[in-house]
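# Residue-level structure breakdown
What follows is each chain in one-letter form.
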Amino acid sequence: MKILAIESSCDETAAAVVEDGRKVSSSVVNSQIAEHKIYGGVVPEIASRRHMENIVPVTQEALSQAGISLEEIDAVGVTAAPGLIGALLVGVNYAKGICMATGKPLIPVHHIRGHVAANYIASPELKPPFLCLIVSGGHSHIVEVLDYTRYRIVGYTHDDAAGEAFDKSARAMGFPYPGGIYIDQAAKRGDPGKYKLPKPRVEGSPYDFSFSGLKTAVINLLHNAQQKGEAVDRDSLAASFQQTICEILTDHLEKAAKELGYCVITAAGGVSANSGLRFCLEKMCRENGYSLHIPPLSLCGDNAAMVGAQAYFEFLAGNTAGFDLNASPSKNI
Ligand code: KG4
Ligand code: ZN
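This report concerns the structure included in the present document. This one's a predicted model, so the numbers in the text were calculated from it and none came from an experiment.

Take the site of ligand 1 next. If you check the shell around ligand 1, you find 19 residues, and the closest are Gly137, Gly163, Gly180, Gly270 and Asn274. Elements with a contribution of two residues or more to the shell around ligand 1: α5 (162-172) and α6 (180-187). Broken down by class, the residue content of the shell around ligand 1 amounts to six nonpolar, 10 polar and three charged. A domain-level breakdown of the shell around ligand 1 finds at least three residues from each of domain 1 (2-116 + 300-316) and domain 2 (128-298).

Take a look at the structure:
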C-alpha cells in the first residue's frame, strides 16, 4: 500500500511516499528554521503562510522523487494534531482536497505517533509492544507502545518539554534558535563535570519529568556570573546541562523499563538526535541487555516519512476520516 504523507504541524513543510509503513520511496522536508531564527522562535503566522506557499511544490517533489502519480497513490496520510493550529490546517485542508479530487482514503495521523513510527522505518523488524522515550520540542513522554495504535503514557513532563529546556537554556547561553543542536555541538568541547546542576524530581511520580528547575538553574548561573563580572565557560555549561538532562531522561526510562518489564526500548522526536542522549541510552541498554532502536538523525526531526509510516497502521486499524476532519492543536497520543 502506497501512502502519500503530509506534515505541516510546526515549521517544516514535508511530504513523503511510504510503502506498507516501512519503505520510504521519497521524503522531502522544507525547513523554515532560517526565517524563524531571527525572531528567536517559531512565529505561527509566518509558519502558516510558508506552508501555504510550499505545500504544493514539496508534494510534487515527493511524488516525482518516488516516480509515482497521484492516481497511483492508495491513500493520503496527514498530521492532524497536535501542533500550531494555523500550520496544521494547511496540511489537513490540502490532504482533503487531494482525497476529494482522487477519491482516495484520508488518514489523520497524530504527530507524536508519527515520531514513534519513525522507528518502524529505521528498524523493519520492530513490532510493539515496546517502551518509547518521546522527546521533542513540545513533548517529553515515556510511553508503552502496546500496539501500533494503542499507547499508555507512563511518564510525562509537568512543565517544559526536553526540547524546550534545551532551546531555552541555549538561548540563555547565547545560541541561536533552535538551540538543541548548538548545545550538542558545544558539549563536545566542554567538561560535563564543571558545573553542578540540579536534577529535579516529581514527588511520588518516579517516571515524570520537571525541567523548568534545571533551565532556571542555567539562567541563574549565567545571571550571577554576569553580575559578578565572572566568565562562564559556555562549552562546559552546555556539556554539564546536556549530561544532566540526558541522565534524567535515561534514569527514568531505565526505571520504567525495569518495573514494567520491557526489554525493547525506542526513542523518538527531535531531541533523540542528541549525541549525549544517544550515548546514555546505548550504555543503559547495553548494561541491561535491552535492545535499543533510535531513528537515524534524518528521521528524528519533523518529516513526513514518519507520518506515512504511522498512517499505514492507522489505516489497518480502520482509522480513516471523513471530509469533516478538523485539525487540533492539542491531543493526547
Ligand atoms: O520533534 P521536533 O523536530 O519537533 C517537535 O515536534 O517539537 O523537535 C524539535 C526539538 C527542538 O527543541 C530542537 O532544539 C531539538 O528538537 N533538537 C535537539 C537536537 N536536534 C534537535 N536537541 C538536542 N540535541 C540535538 N542534537
Ligand atoms: Zn515533531
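Another aspect to go through is α6. Within α6, six of the eight residues are buried, which leaves the element mostly enclosed by the surrounding structure. Within α6, burial applies to Gly180, Tyr182, Ile183, Asp184, Ala186 and Ala187. Buried residues along α6 sit in contact with α5, α8 (234-260) and α9 (275-288).

A word on the sheet that holds strand β5 (residues 106-110). Strand order in this open sheet of five strands is β3-β2-β1-β4-β5, and the pairing throughout is mixed. Of all strands in the sheet, those bounded by a partner on one side alone are β3 (23-31) and β5. Each strand of the sheet is rotated relative to its neighbour by a mean of 20 degrees, with strand direction disregarded. Bridge analysis of strand β1 (residues 2-7) against strand β2 (residues 12-19) gives six bridges, and the strand direction is antiparallel. Its bridge partner being in β2, leucine 4 is matched across the sheet by valine 17. In the packing of helix α3 (residues 85-102) onto the sheet, contacts are made with β1, β4 (75-81) and β5, and the angle to β4 comes to roughly 155 degrees. Together, β1, β2, β3, β4 and β5 form the strand contacts of helix α11 (residues 305-316), whose direction differs from that of β1 by roughly 125 degrees.

So, how was this worked out
- Residues numbered from 1 in each chain as written.
- Chains lettered and ligands numbered in written order.
- Predicted model: local features only at pLDDT ≥ 70, side-chain atom pairs only at ≥ 80, totals over all residues.
- Near = placed C-beta within 6 Å.
- Helix = DSSP H or I, 4+ residues; strand = E, 2+ residues; numbered from the N terminus.
- Nonpolar A, V, L, I, M, F, W, Y, C, P; charged D, E, K, R; others polar.
- Domains from an automatic or database assignment.
- Buried ≥ 20, exposed ≤ 12 C-beta atoms within 10 Å, placed from the backbone.
- Contact = placed C-beta atoms within 7 Å.
- Pairing = 2+ DSSP bridges.
- Axes fitted to C-alpha atoms, helices over the stretch in contact; angles between N-to-C directions.

Function-wise, these values are silent; they only describe arrangement.
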